[in-house]
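Now for the letters of each chain:
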There are 2 protein chains.
Amino acid sequence: MNENSIERLSKYKSSLQKLKTLGFLKVFSDNLADALGIQSAQVRKDFSLFGISGKKRGGYNVEDLLTSINTILGKDRIENVIIVGCGNIGIALMNYRGFVREKIKIIAGFDIDPSRMAKVEKIPIYTMEKLKDFIHAESVKIAIIAVPDIAAQRVADLLISYGIKGILNFAPIKLKSQGEVVINNVDLIQEIEKVIYYANAMDDDNGKES
Amino acid sequence: MNENSIERLSKYKSSLQKLKTLGFLKVFSDNLADALGIQSAQVRKDFSLFGISGKKRGGYNVEDLLTSINTILGKDRIENVIIVGCGNIGIALMNYRGFVREKIKIIAGFDIDPSRMAKVEKIPIYTMEKLKDFIHAESVKIAIIAVPDIAAQRVADLLISYGIKGILNFAPIKLKSQGEVVINNVDLIQEIEKVIYYANAMDDDNGKES
DNA sequence: TAGATTTTGTGATTTCATTCACAAAAAGGA
DNA sequence: TCCTTTTTGTGAATGAAATCACAAAATCTA
């Protein structure tokens, strides 16, 4: 149950969805391995880790596999999510079409700035005072943090105290997860710095194999 | 020079910037290790890998360390970046304040939709026809892709053919890097799915240690 | 100056994910 | 029915990254 296998599960799902629309009924570990650029044994190990089994010589049934993966990823039903911080990133995520397809529903936004108490694409935006009651009333378990770094830890602590179990953090600061709460930090600066580093590194030894 | 050490370098930088504003002059591998939740030997190994050395018993000079890391990450000068795709994510990134602090400058946006040929925060947005000339004229090396998944591979191929060396891709599809080009894929769906999975997993065995 | 203490730098060790490799099962063909 | 082929499932081997552990250097103390 390591982090990488969860990540791959997500990628298998995306490949499988494409195969399904193409009318594929079964798939072999080899096919998925090629799609992700890994070894077929890795695919089978991942599946066996999560108790998914196929048929010897028959591969895996695409439909069943998708169902199993969705169940494991908790995507067998719609997941309600809130966003704290309705600046650029927050609003972009509210408008992001990709979530809908994946049964992820942004049900509300929260911000301290009263000028942002509008609606984005039918998603209501509330003041921070409403946060606690909303989380309880709607039993929200997952939140996205898109506030400036200076406010991020405070918001995280608040969310956790209100019962949030999983946080996706876009503030450029590593929030530590306390207790039974997962925090996944996505640092955009860091991601582009990686690109800049490797692009420069490749330019330096241009043409040479490592 | 593995991927993880580059990522950590970026994190050291962010910690060091905070220490600097707090007036710290020197720092020990132990301090940075604590900040990132790793072992001090790891910190020293990373630095030694990049030819950074400290003083025995004196630790590392904060200012010098920052300079070294910035040089390694190619952040000793302003990096010009373009964004292809001016939908929600693209526009959010254009407005994102964090980049400015890190000497990352978004100098233009590109989109097929003519209604988006406006300006965002002084950043001009052009049609795709201008892409080739702009990249050549400004010697742009880094691009961000924020188009729908269906268009992503085509845009990537285009960018590469125009001489782009590094791509940060936000389309929910894994673009394969060909030749001397780095592609870093950030899949937002995948990131939130990870959170949902772990939040559910923790809820299931609530309270139990693994 | 001598001895104690702190911290770096790195070889040795450990840990852990990935790949290899093959037995066992399933399906098809003659 | 029996032989051949295909593909799974998993124990063993590999490889790489993180951690351990300690000698060497630097600074401090008296």
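Residues numbered from 1 in each chain as written. Chains lettered and ligands numbered in written order. Predicted model: local features only at pLDDT ≥ 70, side-chain atom pairs only at ≥ 80, totals over all residues. Heavy atoms only, no water.

Draft legend 1. Region of the structure containing the protein's contact with DNA strand C. In the region of DNA strand C, 24 residues are neighbours, and Lys45(A), Ser29(B), Arg44(B), Arg57(B) and Tyr60(B) sit closest. What you see for DNA strand C is that sugar and phosphate hold 59% of its atoms within 4 Å of the protein. One of the backbone nitrogen or oxygen atoms of Lys56(A) is found 3.3 Å away from a sugar or linking oxygen of DNA strand C. Contacts to DNA strand C include Arg44(B), whose side-chain N or O atom sits 2.5 Å from a base nitrogen. Contributions of two or more residues to the surface near DNA strand C are made by α1 (3–21) and α3 (40–49) of chain A together with α3 (40–49) of chain B. Residue composition of the surface near DNA strand C, by class: four nonpolar, nine polar and eleven charged. (Near = heavy atom within 4 Å. Polar contact = N/O pair within 3.5 Å; in protein donor to acceptor, adjacent residues only side chain to side chain. Helix = DSSP H or I, 4+ residues; strand = E, 2+ residues; numbered from the N terminus. Nonpolar A, V, L, I, M, F, W, Y, C, P; charged D, E, K, R; others polar.)

Draft legend 2. Here's a closer look at the protein's contact with DNA strand D. Lining the immediate environment of DNA strand D, one finds 24 residues, of which Ser29(A), Arg44(A), Arg57(A), Tyr60(A) and Lys45(B) sit closest. Sugar and phosphate atoms constitute 63% of the interface atoms of DNA strand D, taking the interface as everything within 4 Å of the protein. In this structure, Gly54(A) approaches DNA strand D through a main-chain N or O atom, which is 2.8 Å from a phosphate oxygen. Residue assignment for the surface near DNA strand D shows that the elements contributing at least two residues are α3 of chain A together with α1 (3–21) and α3 of chain B. Taken together, the residues that form the surface near DNA strand D break down as four nonpolar, nine polar and eleven charged.

Draft legend 3. A look at the sheet that holds strand β3 (residues 79–84) of chain A. All names here are of chain A. The strand order across the open sheet formed by seven strands is β5-β6-β4-β3-β7-β8-β9, and the pairing between neighbours is mixed. At either end of the open sheet lies a strand with only one pairing partner, and these are β5 (119–120) and β9 (182–185). Alignment of strand β8 (residues 166–169) against β9, held across four bridges, turns out to be parallel. Bridge pairing in β9 links glycine 166 to valine 182. (Pairing = 2+ DSSP bridges.)

Draft legend 4. Inspection of the side chain of Ser5(B) at higher detail. Residue and element names in this part refer to chain B. When you line up the elements, serine 5 lands in helix α1. Relative accessible area serves as the criterion here: at 0%, serine 5 is assigned to the buried category. Beyond its immediate sequence surroundings of up to four residues, serine 5 is in contact with Asp46, Leu49 and Phe50. (Buried < 20%, exposed > 50% of the residue type's maximum accessible area, 1.4 Å probe, protein only. Contact = heavy atoms within 4.5 Å.)

Draft legend 5. Molecular detail of the relation of the copies chain B and chain A. Mapping chain B onto chain A leaves a residual RMSD of 0.1 Å; the transformation is a rotation of 180° accompanied by 0.0 Å of translation along its axis. Overall, the copies show the geometry of a two-fold rotation axis. It is Ala92(B) whose C-alpha, among those of chain B, lies nearest the rotation axis, at 3.1 Å. Most of the interface of chain B is mirrored in chain A: 97% of its interface residues are interface residues there too. (Least-squares fit on C-alpha atoms with pLDDT ≥ 70 in both.)

Draft legend 6. Region of the structure containing helix α8 (residues 149–161) of chain A. Residues and elements named next belong to chain A. Helix length check: α8 (13 residues) gives 19 Å between terminal C-alpha atoms against 18 Å at 1.5 Å per residue, within 8%. Among all positions in α8, only Ala151, Ala152, Val155, Ala156, Leu159 and Ile160 are buried. Seen end-on, α8 carries its buried residues on one side only, within an arc spanning 165°. Structural note: α8 exposes Ile150, Arg154 and Ser161 on the side pointing more than 90 degrees away from its buried face. Among the residues trailing α8, glycine 163 stands out with phi positive, at a value near 105°. (Expected span 1.5 Å × (residues − 1). Arc of directions from axis to C-beta.)

Draft legend 7. Looking closely at the domain arrangement of chain A. The assigned domain composition of chain A is domain 1 (3–72) and domain 2 (79–190). Each of domain 1 of chain A and domain 2 of chain A has a C-alpha centre, and the two are 31 Å apart. (Domains from an automatic or database assignment.)

Draft legend 8. Molecular detail of the interface of chain B and chain A. At the interface, 67 residues of chain B touch 65 residues of chain A. Carbon and sulfur atoms make up 63% of the surface buried where chain B meets chain A, a total of about 5,800 Å² over both sides. Among the residues chain B hides against chain A, the three largest losses belong to Ile192(B), Glu193(B) and Tyr197(B). Together they make up 11% of the total. Our count for the contact surface shared by chain B and chain A stands at eight salt bridges. One salt bridge in this structure joins Glu7(B) and Lys194(A), with 2.7 Å as the shortest N-O distance. (Buried area = accessible area lost by both parts, 1.4 Å probe. Salt bridge = Lys/Arg side-chain N within 4 Å of Asp/Glu carboxyl O.)

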